[in-house]
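Residues per chain are reported as follows:
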Amino acid sequence: MKIDLAGSSQQRRTSGAPRVLVATTAMLAFISFWRAAAIVLNDMGSSAFYAGAIAEHFVGKAGPWFILAIMCLAYAVRSVYIESCSMFVRGGVYRVVKEAMGSTLAKFSVSALMFDYILTGPISGVSAGLYLVGLLNELLHYAHYQFVLPVNATAAAFAILVTIYFWWENVKGIPESSEKALRIMYVTTVMVVVMLVWCGYTLWTKGAHLPPLPSLRNLTFSSDALGWLKHTRLPYTIGLVGILIGLGHSVLAMSGEETMAQVYREIEHPKLRNLEKAGFIIFVYSLIFTAGVAFFAVMIIPDDVRGNFFDNPIGGLAMYMTGPLLLRLAFRAFVVIVGVLMLAGAVNTAIVGSNGVLNRVSEDGILPDWFRRPHRRFGTSHRILNLVVGLQLLTIILSGGNIFILGEAYAFGVMWSFAMKGLAVLVLRYKEPGQREFRVPLNFKIAGVEIPVGLGLITLVLVALCVVNLFTKQVATISGVAFTIAFFAVFELSEKITKKRGAAHADLDQFNLEPGGDLTPEAVGVRPGNVLVMVRNYNTLYHLGAILRRTDTQKQDIAVLHLRLLERAASGEHELEAEQLFSREEQELFTRCLNLAEKMGKTVRLAVAPATEKWDGILRAAQGLKSSAVILGLSPKRSIAEEARIAGLAWEALPPPRPQLTLEIYSPNCQEHVFYLGPHAPHLTPKEIDLLHCLWLELSNDVAPEELHHRDVVHFALNELVREAHNSGREELLERLREHLREIRDQRARAPKCD
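Residues numbered from 1 in each chain as written. Predicted model: local features only at pLDDT ≥ 70, side-chain atom pairs only at ≥ 80, totals over all residues. Heavy atoms only, no water.

A few points about empty space enclosed by the protein
On inspection of all chains with the given rule, the structure shows four cavities of 30 Å³ or more. Of the volumes computed, that of the largest cavity is approximately 60 Å³. Looking at the largest cavity, the residues that line it are A48, G52, A53, E56, P64, V293, A294, A297, V298, R306, F310 and P313. Of all the elements in the fold, those that place two or more residues in the lining of the largest cavity are α3 (51-59) and α12 (271-300). Looking at the lining of the largest cavity element by element, the count peaks at four residues for α12. (1 Å grid on protein atoms, 1.4 Å probe; cavity = no way out; pocket = protein on both sides within 12 Å on 5 of 7 lines; lining within 4 Å. Points joined across faces, edges and corners; volume = space filled by probe spheres on them. Helix = DSSP H or I, 4+ residues; strand = E, 2+ residues; numbered from the N terminus.)

Things to note about the sheet that holds strand β9 (residues 661-666)
Spatially, β7-β6-β5-β8-β9-β10 is the arrangement adopted by the six strands of the open sheet, whose pairing is mixed. The sheet is open, and its two edges are formed by β7 (605-611) and β10 (672-677), each paired on a single side. Here the average twist between neighbouring strands, direction ignored, is 25°. Taken together, the three bridges between strand β5 (residues 531-534) and strand β8 (residues 629-633) define a ladder with parallel strand orientation. Each residue of the ladder has a partner; that of V533, found in β8, is I631. Here helix α21 (residues 542-550) sits on the sheet in contact with β5, β6 (558-565), β8, β9 and β10, set at roughly 120° to β9. Relative to β7, helix α23 (residues 584-600) is tilted by about 150°, and along the sheet it contacts β6 and β7. (Pairing = 2+ DSSP bridges. Axes fitted to C-alpha atoms, helices over the stretch in contact; angles between N-to-C directions. Contact = heavy atoms within 4.5 Å.)

As for the packing of helix α2 (residues 33-44) against helix α11 (residues 257-264)
Taken N-terminus to C-terminus, the directions of α2 and α11 make an angle of 155°; their axes are 9 Å apart at the nearest point. Between α2 and α11, the interaxial angle falls into the category roughly antiparallel. Crossing angle aside, the handedness with which α2 passes α11 is right-handed. Each of A36, I39, V40, D43 and M44 in α2 lies in contact with α11, whose residues at this interface are E257, T259, M260 and V263. Looking at side-chain class alone, the contact of α2 with α11 contains six nonpolar, one polar and two charged residues. (Parallel < 35°, antiparallel > 145°, perpendicular 65-115°, else oblique. Left-handed = near helix turned anticlockwise from the far one by under 90°. Nonpolar A, V, L, I, M, F, W, Y, C, P; charged D, E, K, R; others polar.)

Regarding the confidence of the model for the protein
Taken as a whole, the protein shows an average pLDDT of 84; of its residues, 90% reach a score of 70 or greater. Predicted confidence in the protein is weakest over helix α1 (residues 9-15), with a mean pLDDT of 38, and strongest over β5, with 96. (pLDDT = per-residue confidence, 0-100.)

What about the pairing of β6?
The buried count for β6 comes to seven of eight residues, which makes it a mostly enclosed element. A crossover links β5 with its parallel partner β6, the connecting element being α21, and its sense is right-handed. Relative to β7, β6 runs parallel, the two being bridged by seven bridges. Among the inter-strand pairings, L561 is bridged to a residue of β7, identified as A607. (Buried < 20%, exposed > 50% of the residue type's maximum accessible area, 1.4 Å probe, protein only. Right-handed = clockwise from strand over helix to strand, strands pointing away.)

Side note on α2
The end-to-end C-alpha distance of α2 is 16 Å, a good match for the 16 Å that twelve residues give at a rise of 1.5 Å each. Where burial is concerned, most of α2 is hidden: ten out of the twelve residues are buried. Among all positions of α2, only F33, A36, A37, A38, I39, V40, L41, N42, D43 and M44 are buried. (Expected span 1.5 Å × (residues − 1).)

Notes on unusual backbone geometry
Here H269 and P270 are connected by a cis peptide whose omega angle stands at -10°. Looking at the secondary structure, you find P270 in the loop between α11 and α12. The peptide bond linking P656 to P657 adopts the cis configuration, its omega dihedral lying at 0°. Along the polypeptide, P657 turns up in the loop between α25 (640-652) and β9. Even without being glycine, H144 reaches a positive phi, approximately 65°.

Here we look at a nonpolar patch on the surface
A cluster of nonpolar residues, Y430, L442, F444, I446, V449 and I451, forms a patch on the protein surface that exposes about 590 Å² of accessible area. Elements with a contribution of two residues or more to the nonpolar patch: β2 (443-446) and β3 (449-452). (Patch = residues over 30% accessible without salt bridge, like charges linked within 9 Å, V, L, I, M, F, W, Y side chains within 5 Å. Areas by Shrake-Rupley, 256 points an atom, 1.4 Å probe, with all protein chains shown as cover. Salt bridge = Lys/Arg side-chain N within 4 Å of Asp/Glu carboxyl O.)

Points about the packing of helix α24 (residues 614-625) against α25
The geometry of α24 relative to α25 is characterised by a closest axis approach of 9 Å and an angle of 60° between their N-to-C directions. Between α24 and α25, the crossing angle belongs to the class labelled oblique. α24 and α25 meet at a crossing whose hand is right-handed. Between α24 and α25, the contacting residues are K614, W615 and L619 on the first element and E643, I646, A647, A650 and W651 on the second. Considered class by class, the residues forming the contact of α24 with α25 number six nonpolar, no polar and two charged.

Comments concerning the packing of aromatic side chains
In this structure the tally under the stated criterion is 18 aromatic pairs. Pairing Y165 with F166 gives two aromatic rings, centres 5.1 Å apart and planes at 80°, and the pair type is edge-to-face. With relative accessibility at 40%, the residue Y165 sits in the partly exposed group. Residues W167 and W168 carry aromatic rings whose centres are separated by 6.2 Å and whose planes lie at 50° to one another, so their mutual orientation is tilted. On the accessibility criterion, W167 (28% relative accessible area) is partly exposed. For K271, the ring lying beneath its charged end belongs to Y264, and the centroid distance is 5.0 Å. Its end group placed over the ring of W651, R658 keeps NZ or CZ at 4.9 Å from the ring centre. (Phe/Tyr/Trp six-rings, centres within 6.5 Å; stacked < 30°, edge-to-face > 60°. Lys NZ or Arg CZ within 6 Å of the ring centre and 35° of its normal.)

Some remarks on the nonpolar core
One finds F49, M114, M254, F289, M415 and L462 to be the most contacted residues of the largest nonpolar core, which totals 156 residues. Those residues in contact with M254 that sit more than four places away from it in its chain are M44, I70, M71, L73, A74, M415, F418 and L462. By size, the runner-up hydrophobic cluster in this structure holds 29 residues, among which are L563, A607, A622 and A644. (Core = buried A, V, L, I, M, F, W, Y, C linked by side-chain atoms within 4.5 Å.)

Next comes the structure, spelled out in C-alpha cells:
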C-alpha cells in the first residue's frame, strides 16, 4: 500500500505536478480461497503426521475413531468461524468475544489462544525433524553404519532452523508465505493420493480389520492419559467420560480453525463465499488425510512394532505396505520430504495466525502502537513476529524435542479458545440478532424466539471437552494456566500503560512515510488506466464503496487520493514536513478506506497530495497517474452541474497533453452522474439511440434517392442548433433546454436508494 505526499512548492511549480512522499502500511495483498485453504491446511493437515499416533498412545487402538470424530467436530467449529466472519471482517476470537462478553474475557481467550499458537509451531517443527531423523537413521542402519543421530536433539535443532526461516518469510509479507503454502499442498496432495491407492491395495491383498470401536472395554488408557482422574473409576464406568477423555487427547488434530479467521481479512472478493469454499476444502482434505492415516496405521502396521513408529506413523506405513523394499524405502523418503515441507508449513501458519491475533489486540490499545509499527522495507508488523518466534524458539529448547510433551501440553489453548468463540457467537445471536450472511445451521423459532440448536450443541461439546481436559491433561493444565495468566497479566499491564500515555487512536492503521518522486503510476504502484477516487471525509466514503463493488481490481487498479488544500501563504519556498500533511485526520481517513477495501476483498492504493486549488490538484494527479476516470462524492458547497463545469474549465487549463478523462460524481443514494472532460464521443443511452434511429428512418425516405447516414442526422441537427442559438430564437431555445435538463434531474431524484 502506498501513500503519496508532496515535496516543496518550488518543485511543484517547476514540474507542474504534485511531488510525492511514499508511505507503506501492513496492508493486505488479497489471496484466493485456494491459498487461504493452503495456509490453514499446512496446520490442520500437518497433524496427520502425528495426531493419530499420539491419540493411540493415550487411548489405545480405538484412537482412529476419536480422530474421525474430531475431524467432524472441526467441520462444525468451522461453521462457527464462518458466522463470526460474516459479522466482523477481523472476526477472530478477540474481536468476537469482546463484542459478546467484554474485554476481560476477550483478553483471557487470546491469552489461551496464544498458548496454542506458541505450541503449534514447535510441535510441527519437531515432528518434521523426527520424520527426517527417522529416515536418516534407517538409511544408516541399512548402510551398516554404527553411528545413530540423537533423535530428539536433532529434531529440536531442525525445528529451530525451520522456525527462523519462516520468521524471515513472514517479515517479507503474506504473498511470499501463501505462495509457498500452496506449493507445499501441491506436493502433499501427490503423496496423499499415492498413499491412499497403495494402502488400499495393501488392504485388498492382505486383508485387515477396522480398529475396535471406542467402547469402555476397548479403551486402554496409558499411565499419563488420565491425569488427576487416574485414582478414580469414572473413566472406566461412565462411557461418556471415557469418550470425552479420548476426544480430549485427539483435539490437536483440528488445530488451525482460528487461522481461518485471521486469513479471512486477506481473502479476495467475494470474501464470505470464498471463505466457505476454503472451509469445505479444508474439511474434506483433513478428513481424508488425517483420519485416513490414523486408520491405515492401525490396520496395516503390526501391533508389536507400531509403537516404534509413534513419532513418524506415515513412515511406518511406508515400510509395511505391499511391495519391494526399495520401492517402500523410496516412498518413505518421499513421505519424509513431504512431511518436512508440510510440517514446516504449519510452523509458518502458526506465525501467520499469532501475528494476526496480536495485531487485533494491538489495534484495540491493549498493546502499544510500537508493536504494530510497519517494517521500513516490507511494511509488516515485524516486532510482533519477533515476539512470537522468540517464544516458539524458547518452547522448542525447553521441550528438548519430545513430541509427547508438546502434544500433551497443546490441547489447553485451542480448546478454551474454541469454547469461548462458540459461547461468544451464541451470545451475539441474542445481543445482536440482526441478519447475517451465514448462520450455523439448525435454527428454530418458538414464539418468535430463535433457538440456535446447532450452535448450542457445538458450544456444549467444546465446553465439555475443556472441563475434561482440565482434569486429565496435567501438563496442559499447569503449563496452559500459567502461560495464560502470565499473558493476561502482560495484556492488563500493557493496556494500563498505553491508556496512561494517551494512545486514544490505537485502532488506526500504522503507516511508514518516506520521501519520493513525482506522482506517477510507478510511484503509487498502479497501472495506467487506473480509477482515481477522491476522498476527503471518513464519514462519506459511499462513492469508494460503489467503485469497489463494481471494479475488478485484477484488471484495473484503484488509486485513492486525498488532497490537503493549502493556503497560498503555506506554499512558500520551504519544504513541507510529512507530519504537516499526514496528520491524525489522514490516518483515520486511510484506516477507514483500508477497512472498506478489506471488507470487499479488493486492493487499493492510497495517496495524499497537497494543492492550493481543488480541481487543479485533482486533474494534475489524474494526469500524472495516467488515470482513465476520476470519482467523487457530492460536494458540500457546489451543485453537481457547477462541479462538472469547474472541472471542465480546469481541464482546459492543464498543460498538454491533456488526458481524456471520465468524471463520475456519486450521490449518497449511489446515483451516478457521468461527465466527459475534453473532446469526446457522447455516451448515448438506448433511448437516445432509438430516437436517432427513428429520425433516420423517417428522413431517409423523404430525401431519397440521396443517401443518408446516422452521422448525417447528428451533423445536420447540430448545425441547426448552432444557427438557432445565434438568432432571435435563442431565449426560447435556452428555455426548452432548461426544461429538458429539469426533467432529467427529476428522473434521477426519483431513482431508488442503494444498499
